[in-house]
2 protein chains.
Amino acid sequence: MRNDPGTRPHVVIVGGGFGGLYAARALARMPVRITLVDRRNHHLFQPLLYQVATAALSPADIASPIRGILRRQQNVTVLLGEVTSVDAANRRLALADGELTYDYLVLAAGAAHSYFGHDDWGRAAPGLKTLEDALEIRRRILLAFELAERERDPGTRAALLTFVVVGGGPTGVELAGAIAEISRHALAKDFRAIDPTCARVVLVEAGPRIVPSYPEKLSIEGVRELRALGVEVRTNTQVTSITPEAVHFGEERLPARTVLWAAGVAASPLALSLGVPLDRAGRVIVEPDLTIPGHRELFVIGDMAAFTHQTGKPLPGVCPVAIQEARAVAENIEQALRGRAYGPFHYVDKGSMATIGRAAGLCWIGRLQFGGFLGWLAWLFIHIFFLIGFRNRLIVMIEWAWAYMTYQRGARLITGDVRKGDV
Amino acid sequence: MRNDPGTRPHVVIVGGGFGGLYAARALARMPVRITLVDRRNHHLFQPLLYQVATAALSPADIASPIRGILRRQQNVTVLLGEVTSVDAANRRLALADGELTYDYLVLAAGAAHSYFGHDDWGRAAPGLKTLEDALEIRRRILLAFELAERERDPGTRAALLTFVVVGGGPTGVELAGAIAEISRHALAKDFRAIDPTCARVVLVEAGPRIVPSYPEKLSIEGVRELRALGVEVRTNTQVTSITPEAVHFGEERLPARTVLWAAGVAASPLALSLGVPLDRAGRVIVEPDLTIPGHRELFVIGDMAAFTHQTGKPLPGVCPVAIQEARAVAENIEQALRGRAYGPFHYVDKGSMATIGRAAGLCWIGRLQFGGFLGWLAWLFIHIFFLIGFRNRLIVMIEWAWAYMTYQRGARLITGDVRKGDV
């Protein structure tokens, strides 16, 4: 191991999400120089992003500047920049405005939306990945009620008050539950010409059940909880077209002005530049030690990676996978520094959870499976516990206590151009 | 007085700022139908907007949905819409997408920036009126530090780390103090290549002293407090040109990539459509009873109005003026409903206050004039007290307590396109 900082191996981490951040932290005590590059200045606590989209939390409650989080870790330099391609043969990254060389590379650039070849649906049905996405969805939801209040035509008014969420995974379930709750409670008495409690919220899932990655018992419980909030759940329903006016399911046309996409993700376009095999969702098919074939210095983790060596299927795109992969990569880099061989990655699945509206949730921790209020409480404490930064935890706790007591949502702001025609 | 709701006089209020909101509230018990129109869905607590621009608070901390605030007042309907012109002869308003007729009209549409005929300066030097303005300014300030961290050329790096605030009124003083504080404390240890504490913050005032509307003693105290924070205060300095690279004062050229405009305001363009005399700043010159000549049913209040009947000069564009005018208008409408004559408006000046950085302020309440920590405490409690909504007060209090203890700023997020070329 070398000890002069100038000659220490240079580890470049691309992405400041859970994978990138935990990789940097796990390398804190090792004799390496780390450069973390992200095109955003903030780490985002993505599990709570739907709460920003539904006006319960503010962006700053769930996001923290990356350089603030890593301030005290002296072996890290944080750069704001966009990596455009990887030249693995020469251990070099091209940035939008420069380049970087590396000894070890950790790619953790995450995922984008995938419309399964229908990219034209993107304008009518935004997805939820970034803070900007969340604010755009919040704008659309709140603006739909405002436009309905002024609309005289009953058909148009009904379409303005119909909200369709495409995709019955955890994000779709949480979004649909939150929209139903806004309309039933937070907005209930705010309008004069419309009754927000009559808004239709439709959750559409192509497969036979919602939250398909959860045990079946929780899918059934989830449907029950969503129906109690007034959400229409439609399984085995394939979306065939989305326009600004309506969603089509084969012959059926459902007029709806607000459609949200929670159905598909695709890995970062960066994966393409590696020149290695990708799976159908665009993820990099990684070796058991999370490297790519022929490049022991190049790791891919998180939503960008397809790790299939454990169950035959890729691991899901959730935080615990990214965090455990990040730690495994740090251990392997340490092995390399000591001249030892890499160990294979093994994922320990501790369960999943989702929340449905104000006081119901779905939890699945090891053999425990439970829903209802207990599920919601478990969800609440685990999410607040993992929120990065004390201030955020406290503020989020108060926002929720306030929202819980009063049914109000504190961040009901329409920002951006209210005259935008796409709603 | 008529009591059938359908035949009650229709009062239209344009604008949901302090003037419009307090006018609506003051008319709560009167037998009128009220329609409040705003092109935004939220009321903004403008005195704290600079705290959003400098990453201390989130937008939702200082803004509340107008229809939420007026929820329980049954005689008000809130409409999201943009009023484009007033047809006073026919008591009719044109909206961007419709029209409204009225019996009484209260115009409280506020003010926009004025670049004194140099509208081309707007792109290089944004002003601070809306939440979008505040987020844009926050983006520019934070991004300047990020770009400086990656910049190799010393001249360009110095320009990136130079922040110029044009205008030495309360907003300019507060902005300059907050930027100096961010660089000296919140960001101090976050960068590796630059030292944020070396950032230059320059406050430029064309007149002989800062906060010219305050007693002279407080101007001197303010300069002392700003200098203690590291702000360069330049009075008697006239800006002659602003480009994306530099600010010019006659022959002198100061390279600076971030320039903020706190110098001039102009009334809403709506004022023009009234066809009555405006003052040089575009404000409507109102009668002693806040109406316009020949239209006893049409009131203009707040930043849109020039009320000169008390001191010979127009009253300043501050909240207390708008609130007192709103109450006077409500009283006059009540007089009209009773068939009585209008009374003249009389403004009671209770003083002004501004804050400088983390623990210093300038206060002027009646005969009391004080600065320093006491001035800051007075400012803090009065501003939190007047913040609309319990939740906001509590959250803001915690954010400040947290910021005070740790010197941190919780909302340091760069959103929007980080590649925008104008910084």
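As the structure is a prediction and not an experimental result, all values here were calculated from the model.

1. Things to note about the interface of chain A and chain B
In many reports, interface size means the accessible area that the parts give up when they come together.
Link 1 in the chain: Of the residues lining the interface, 54 residues belong to chain A; the matching set on chain B comes to 54 residues.
Link 2 in the chain: For the pairing of chain A and chain B, the buried interface totals around 4700 Å² over both sides, and the portion due to carbon and sulfur atoms is 53%.
Link 3 in the chain: A per-residue breakdown of the area chain A buries against chain B is headed by R67, R71 and R150 of chain A, which together make up 17% of the total.
Link 4 in the chain: Counting across the interface, chain A meets chain B through 6 salt bridges.
Link 5 in the chain: A salt bridge links D190 of chain B to R71 of chain A; the nearest nitrogen and oxygen atoms lie 2.3 Å apart.
Link 6 in the chain: Connecting chain A to chain B are 20 residue pairs in polar contact (both at pLDDT 80 or more).
Link 7 in the chain: Among the residues making up the side of chain A that touches chain B, the classes are represented as 24 nonpolar, 13 polar and 17 charged.

2. A look at the packing of aromatic side chains
Link 1 in the chain: Counted by the stated rule, this structure contains 18 aromatic pairs over all chains.
Link 2 in the chain: Their ring planes at 35° and their centres at 6.2 Å tell us that F145 of chain A and F191 of chain A sit as a pair that is tilted. Separated by 46 residues along the polypeptide, F145 of chain A in helix 4 (residues 131-150) and F191 of chain A in the loop between helix 6 (170-186) and strand 12 (200-204) bring together distant segments of the chain.
Link 3 in the chain: The exposure class assigned to F145 of chain A is buried, which follows from its relative accessible area of 1%.
Link 4 in the chain: Ring-pair connections join several aromatic residues into one group, and the members of that group are Y115, F116, W121 and W261 of chain A.
Link 5 in the chain: The aromatic ring of F249 of chain A is capped on one face by R234 of chain A, whose charged end is 4.8 Å from the ring centroid.
Link 6 in the chain: The ring of Y342 of chain B carries R296 of chain B above its face, with NZ or CZ at 3.9 Å from the centroid.

3. Observations concerning the pairing of strand 23 (residues 352-356) of chain B
Residues and elements named next belong to chain B.
Link 1 in the chain: Within strand 23, 5 of the 5 residues are buried, which leaves the element mostly enclosed by the surrounding structure.
Link 2 in the chain: Side chains of strand 23 alternate between two faces, with S352, A354 and I356 and M353 and T355 buried alike.
Link 3 in the chain: Looking at chain direction, strand 23 and strand 24 (residues 360-365) are connected through 5 bridges and run antiparallel. Residue pairing in the sheet places A354 in a bridge with L362 of strand 24.

4. Side note on the confidence of the model for chain A
All names here are of chain A.
Link 1 in the chain: Averaged over every residue, the pLDDT of chain A is 88; the share at 70 or more is 91%.
Link 2 in the chain: Note on residues 419-423: pLDDT under 50 across the span, and 13 contacts to partners over four residues away in sequence or across chains.
Link 3 in the chain: Reported confidence for the predicted complex is 0.83 by ipTM and 0.87 by pTM.

5. Considering the environment of G16 of chain B
Residues and elements named next belong to chain B.
Link 1 in the chain: Here G16 is to be found in the loop between strand 1 (10-14) and helix 1 (18-26).
Link 2 in the chain: The spacing of G16 and V396 is 380 residues in sequence and 22 Å in space, taken between C-alpha atoms.
Link 3 in the chain: G16 has contacts with L21, L36, D38, H43 and I66, leaving out every residue within four places of it along the chain.

6. Observations concerning the packing of helix 1 of chain B against helix 9 (residues 319-337) of chain B
Describing two packed helices takes the angle between their axes plus the distance from one axis to the other.
Residues and elements named next belong to chain B.
Link 1 in the chain: Running from N to C, helix 1 and helix 9 point in directions that differ by 35°, and their axes come no closer than 8 Å. In terms of crossing hand, the pair formed by helix 1 and helix 9 is right-handed. For the pair helix 1 and helix 9, contact is made by F18, G19, Y22, A23 and A26 and by C319, A322, I323, A326, R327 and A330, respectively.
Link 2 in the chain: Across the contact of helix 1 with helix 9, the residue classes break down as 9 nonpolar, 1 polar and 1 charged.

The rules behind these values
Residues numbered from 1 in each chain as written. Chains lettered and ligands numbered in written order. Predicted model: local features only at pLDDT ≥ 70, side-chain atom pairs only at ≥ 80, totals over all residues. Heavy atoms only, no water. Contact = heavy atoms within 4.5 Å. Buried area = accessible area lost by both parts, 1.4 Å probe. Salt bridge = Lys/Arg side-chain N within 4 Å of Asp/Glu carboxyl O. Polar contact = N/O pair within 3.5 Å; in protein donor to acceptor, adjacent residues only side chain to side chain. Nonpolar A, V, L, I, M, F, W, Y, C, P; charged D, E, K, R; others polar. Phe/Tyr/Trp six-rings, centres within 6.5 Å; stacked < 30°, edge-to-face > 60°. Helix = DSSP H or I, 4+ residues; strand = E, 2+ residues; numbered from the N terminus. Buried < 20%, exposed > 50% of the residue type's maximum accessible area, 1.4 Å probe, protein only. Lys NZ or Arg CZ within 6 Å of the ring centre and 35° of its normal. Pairing = 2+ DSSP bridges. pLDDT = per-residue confidence, 0-100. Axes fitted to C-alpha atoms, helices over the stretch in contact; angles between N-to-C directions. Left-handed = near helix turned anticlockwise from the far one by under 90°.

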